[in-house]
Amino acid sequence: MEISEHIDALRREGGLLADAADRTDLAAPVPTCPDWRLRDLVLHTGQVHRWATAYLVHGHRAPLDADGAAAAWGPEPSDAALVGWFRAGHTALVEALAAAPADLDCWSFLPAPGPLAFWARRQAHETAVHRFDADAASGEPGPPVATDLALDGIDELLCGLMSRGRARARSEHPRTVLVRATDGPVSWLLTISQEPLSVRRLGDAGPADGGGPADLTLSGPARELYLLLWNRLPAERVDRSGDRSLLDLWRETAAVRWS
């Protein structure tokens, strides 16, 4: 996806998140994030938006410490002001991305063509996943995630976030998972071992590594796989063949760790 497409997705998904919060009691539980109420979700996402905007606007070349992050967030809003506060921060982030120069120089933490591409992509997916959480709290399903965004998000999660040394997906013996989107041209072959997750993009949906089948194959529409891999959907929403215990391993160990 192009940077402009990520910005458009961020604009759309953030608006949908705010709409879900507007129609729902902020004390409502978030089924997809069991430790949170809706107010926690909206506050968290709004703080992430302001944190990201600080890098774009001020060009910080190192990660903000706790004091710097708190300054970027600003005072915590009341419940009555929370959704308006979220909308303002979301708008500021979209505008900062749209106005940033192509050669923006600031801190980022995943491989990308440049910091601007990184921040546009990361915030689009941060917001899309949490929009799904907000819809779950509201009890009203929102529109499905667009296929191109879902395919891009699977790639970011697997090849970026989960391939970092901080991720905890590990297995004593190497085991393979083939993730196959039925509405896209790319599949992903995951090798879970004692080392950080290894991911290979495959240009077709053939057998894993050109040999026998993977230990587990997950296939379905990209929007379903995207949310499944983010531990937002039950396994039954996609087709599964092979060792289904690997799904339990994923759910237990694949939570993203930011530090």
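Look up a bit, the structure's there.
Residues numbered from 1 in each chain as written. Predicted model: local features only at pLDDT ≥ 70, side-chain atom pairs only at ≥ 80, totals over all residues. Heavy atoms only, no water.

Student: Help me understand the nonpolar core, please; the structure alone is not making it clear to me.
Tutor: Across soluble globular proteins, nonpolar side chains have a tendency to be buried as a group. In terms of nonpolar packing, the biggest core is built from 61 residues, with Leu97, Trp119, Leu158, Leu190 and Tyr226 touching the most fellow members. Considering each element in turn, this core owes the most residues, 7 residues, to helix H5 (residues 115-138). (Core = buried A, V, L, I, M, F, W, Y, C linked by side-chain atoms within 4.5 Å. Buried < 20%, exposed > 50% of the residue type's maximum accessible area, 1.4 Å probe, protein only. Helix = DSSP H or I, 4+ residues; strand = E, 2+ residues; numbered from the N terminus.)

Student: Honestly, the sheet that holds strand E3 (residues 198-202) in this entry has me stumped. Any pointers?
Tutor: For sheets, the rule is that strands pair by backbone hydrogen bonds, running either parallel or antiparallel. The 5 strands are arranged E3-E2-E1-E4-E5 in an open sheet whose pairing can be described as mixed. Pairing within the sheet leaves two strands with one partner each, and these edge strands are E3 and strand E5 (239-242). Adjacent strand axes in the sheet meet at a mean angle of 15 degrees when their direction is disregarded. The pairing of strand E2 (residues 187-192) with E3 spans 5 bridges and is classified as antiparallel. Bridge pairing links tryptophan 188 to arginine 201 in E3. (Pairing = 2+ DSSP bridges. Axes fitted to C-alpha atoms, helices over the stretch in contact; angles between N-to-C directions.)

Student: Got a minute to help me understand helix H4 (residues 79-99) in this structure?
Tutor: Three- or four-residue spacings in an α-helix give side chains the same orientation, since the helix completes a turn every 3.6 residues. The end-to-end C-alpha separation of H4 is 31 Å, in line with the 30 Å expected for 21 residues at 1.5 Å each. Turning to H4, its buried residues are Leu82, Val83, Trp85, Phe86, Gly89, His90, Leu93, Val94, Ala96 and Leu97. Structurally, H4 contributes buried residues whose contacts are with helix H1 (3-22), helix H2 (38-58), helix H3 (66-73) and H5. (Expected span 1.5 Å × (residues − 1). Contact = heavy atoms within 4.5 Å.)

Student: Quick question: what am I supposed to make of the environment of threonine 127 here?
Tutor: Among the structural elements, threonine 127 can be located in helix H5. Taking relative accessible area as the criterion, threonine 127 reaches 0% and is therefore assigned buried. Linking threonine 127 and proline 63, residues 64 residues apart in sequence, is a C-alpha distance of 20 Å. Setting aside chain neighbours within four positions, we find threonine 127 in contact with Leu10, Glu13, Gly14, Leu17 and His49. A polar contact of 2.9 Å, which involves the side chain of threonine 127, links it to the side chain of histidine 49. (Polar contact = N/O pair within 3.5 Å; in protein donor to acceptor, adjacent residues only side chain to side chain.)

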